[in-house]
Amino acid sequence: MAHTQHFINGEWVDSISGATRTIVCPANGEVVAEVAEGGKEDAEKAILAAREAFESGVWSSVPASQRGDFLIKVAEEIERRKDEFARAESLDTGKRLVESEGDMDDIAGCFRYYGKIADSNPGRLVDAGDPAVVSRVVYEPMGVCGMITPWNFPLLQASWKIAPALATGNSFVIKPSELTPSTTLLLADVLDSLGLPAGVANVVMGDGANVGALLSSHPEIDLISFTGGLATGQKIAESAAKGVKKVALELGGKNPNIVFADADFDAAVDNALNAGFLDSGLVCSAGARLIVEETIAEDFVDELVRRAEGIVMGGPFDEAAETGPLISEEHRDKITSYVERGIEAGGRLRCGGHWGEGDLAKGIFYAPTVIDQVSSDNPAVQEEGFGPVITVETFKDEAEAIALGNDTEYGLAGGVWSSDQGKAHRVSSKLRHGTIWINDYHPYIPQAEWGGFKMSGIGRELGPSGLEEYQQAKHIYQNTEPAVTGWFPNKTTNK
Ligand code: NAD
């Protein structure tokens with residue numbers, strides 16, 4: 001059943017203030033739900049419930065293999081309720097149903113992966129150099145984790161945090177984006193129905209300035225894990241620093257997609273479209289910065305533009321649609337100004353650059369846009385636009401391709417296209433980004449770490465490192481033959 005209330009301490013509850021927020025589908029402006037709008041007092045209640053659950057040991061003391069079995073059941077339940085989850089995700093985000101269905105498969109895969117490796121880190125024995133000593137390092141849960149997620153992949157980003165946090169015995173409070181809370185609530189329903197003890201998982205809705213800010217500053221939060229934009233990440237890191245909290249940040253990207261002249265032309269054009277326009281470019285790793293070898297640039301961009309002009313925009317359930325809307329009016333205004341500034345700074349608009357027309361005018365659409373002839377200091381090249389916009393730069397040789405690919409404050413992901421495997425490998429090893437695709441773009445797998453170099457983040461999600469984020473090491477040194485040290489001689493004193 002669709003929930004609209006917060007999930008706190010095992011109960012579905014309204015906001016203490018009684019406030020609500022209307023969730024609207026950005027594809028057509030229709031109301032999706034009226035959900036509780038939380039404030040600091042709701043977040044406080046959830047944090048204290050999570051603390052109590054953690055200290056009681058109801059979850060943290062459950063053997064890791066049993067926690068793993070639980071996560072595998074969560075994966076199965078998401079698969080069983082996939083249609084319900086995918087529809088809810090599409091209504092909140094406006095993204096095509098087929099894309100939401102793909103997200104749900106990935107989410108189930110993430111829970112299954114962490115289910116399988118939940119007991120994979122039992123710690124290690126250390127040789128203390130004394131046969132009477134048993135010295136071991138154990139990995140314990142962090143405690144209470146605060147989680148803040150964005151609107152572009154609402155449940156996928158949540159699952160990268162929740163699955164490893166539960167696998168390692170933590171309790172948590174999550175604040176989904178205020179624009180897209182529905183699937184996080186559905187997940188809470190699954191956790192509850194499978195018997196997760198009350199207080200271990202809590203969902204509080206609300207805005208960043210209130211609920212988000214409290215999560216990142218509250219003394220009872222041990223780890224704050226955030227996915228979202230750079231400016232918000234900086235604020236969260238600042239406030240977490242005051243409380244000396246562990247921080248994990250997955251921030252934005254300005255991701256180079258580098259195409260050499262010897263690449264398979266059709267595959268590279270097709271994947272450049274996919275890199276930049278999949279999910280309307282609302283992907284942190286979108287290949288929004290296309291960097292093409294000079295000798296093929298004209299033909300390459302002509303073909304890219306021809307294909308981009310043919311992309312059909314539409315709502316989640318429109319079977320002809322190939323891409324969906326943006327998220328809000330405010331977001332579209334940002335993209336509009338970003339494209340205008342890119343053109344003012346010398347870029348040439350090759351296609352797009354306008355809002356959706358006709359029936360699409362009811363929603364928040366922006367046409368797939370290509371801007372070429374940009375210099376590397378053009379704001380459209382340097383800023384994360386976060387929309388369906390590809391800028392095109394050209395290069396003469398390998399060294400210039402690498403220099404352009406690294407000419408960004410971000411470092412999340414990038415692509416390299418070449419039929420010369422040695423060159424592709426050389427270039428990828430010099431790019432300072434957390435994920436590099438060679439002759440492909442976008443795939444990621446839960447077994448492999450995901451995260452940013454430079455200003456794209458701190459820490460890693462997915463893979464074994466994603467599990468370790470939610471643990472802390474403890475050294476236990478045990479002397480099995482206690483003895484007097486003699487360090488301070490046992491003297492007789494006057495008193
Ligand atoms: P955002 O930073 O505006 O918001 C993200 C979340 O932070 C929301 O839940 C919001 O309510 C909350 N928030 C806002 N202000 C806050 C504050 N002061 N304190 C605490 N929380 C606050 O980002 P967005 O627009 O929702 O998402 C888009 C951004 O997310 C893009 O920059 C994108 O690149 C990034 N992203 C990164 C990854 C990754 O894996 N690196 C994945 C997805 C999205």
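Throughout, residues of each chain are indexed from 1 in the direction in which the sequence is written. Owing to the predicted nature of the model, reporting of local features is limited to residues with pLDDT of at least 70; listing and counting of side-chain atom pairs is limited to 80 or more, with chain, interface and lining totals taken over all residues. Side-chain descriptors were evaluated using all non-hydrogen atoms of the structure, hydrogens and water having been removed beforehand.

**Some thoughts on the pattern of salt bridges**
Definition used for salt bridges: Asp or Glu carboxyl oxygen within 4 Å of a side-chain nitrogen of Lys or Arg. All chains considered together, the criterion is met by 28 salt bridges. Between Arg112 and Glu79 there is a salt bridge, with its nearest N and O atoms 2.9 Å apart. Taken together, the residues span a long stretch of sequence, with Arg112 in helix H4 (residues 97–117) and Glu79 in helix H2 (residues 64–80) at a distance of 33 residues. Exposure remark for Arg112: the relative accessible area of 24% places this residue in the partly exposed category. In this structure, Asp270 and Arg307 form a salt bridge, with 2.7 Å as the shortest nitrogen-oxygen distance. With Asp270 in helix H9 (residues 265–277) and Arg307 in helix H10 (residues 294–309), this residue pair connects regions lying 37 residues apart in the sequence. It is possible to trace a salt-bridge network through shared partners that takes in Arg51, Glu55, Glu220 and Asp222. By definition, any uninterrupted DSSP run of H or I lasting at least four residues is a helix, any uninterrupted run of E lasting at least two residues is a strand, and each is numbered from the N terminus. Buried residues are those whose accessible area, probed at 1.4 Å on protein chains only, stays under 20% of the maximum for their type, while exposed residues exceed 50% and partly exposed ones sit between those limits.

**Some points on the UniProt feature "domain: Aldehyde dehydrogenase" (unreviewed entry) in the protein chain**
Taking the numbering used here, the UniProt-annotated feature "domain: Aldehyde dehydrogenase" (unreviewed entry) corresponds to residues 12–476. Across residues 12–476 one finds 41% helix and 19% strand; the C-alpha atoms that close the span lie 41 Å apart. UniProt positions are given in the numbering used here, feature names are shortened, and annotations may be inferred rather than shown by experiment.

**Section: the site of the ligand**
Throughout this document, a residue counts as near a molecule or strand when at least one of its heavy atoms sits within 4 Å of that molecule or strand. The ligand sits among 28 residues. The nearest are Thr149, Glu178, Thr232, Leu251 and Glu384. Counted as a polar contact is a pair of N or O atoms within 3.5 Å, where, for protein atoms, one must be capable of donating a hydrogen and the other of accepting one, and residues adjacent in sequence contribute only when both atoms are in side chains. Contact distances for the ligand include 2.8 Å between an oxygen atom and a side-chain N or O atom of Lys175. Contacts to the ligand include Gly228, whose backbone N or O atom sits 3.4 Å from an oxygen atom. Areas reported as accessible are Shrake-Rupley estimates using a 1.4 Å probe. Residue values count occlusion only from the protein chains shown. Look at the ligand: alone it shows 850 Å² of surface, and the protein chains cover 87% of it. Counting only elements with at least two residues in the shell around the ligand, the list comes to helix H7 (208–217), strand S10 (223–227) and helix H8 (230–242).

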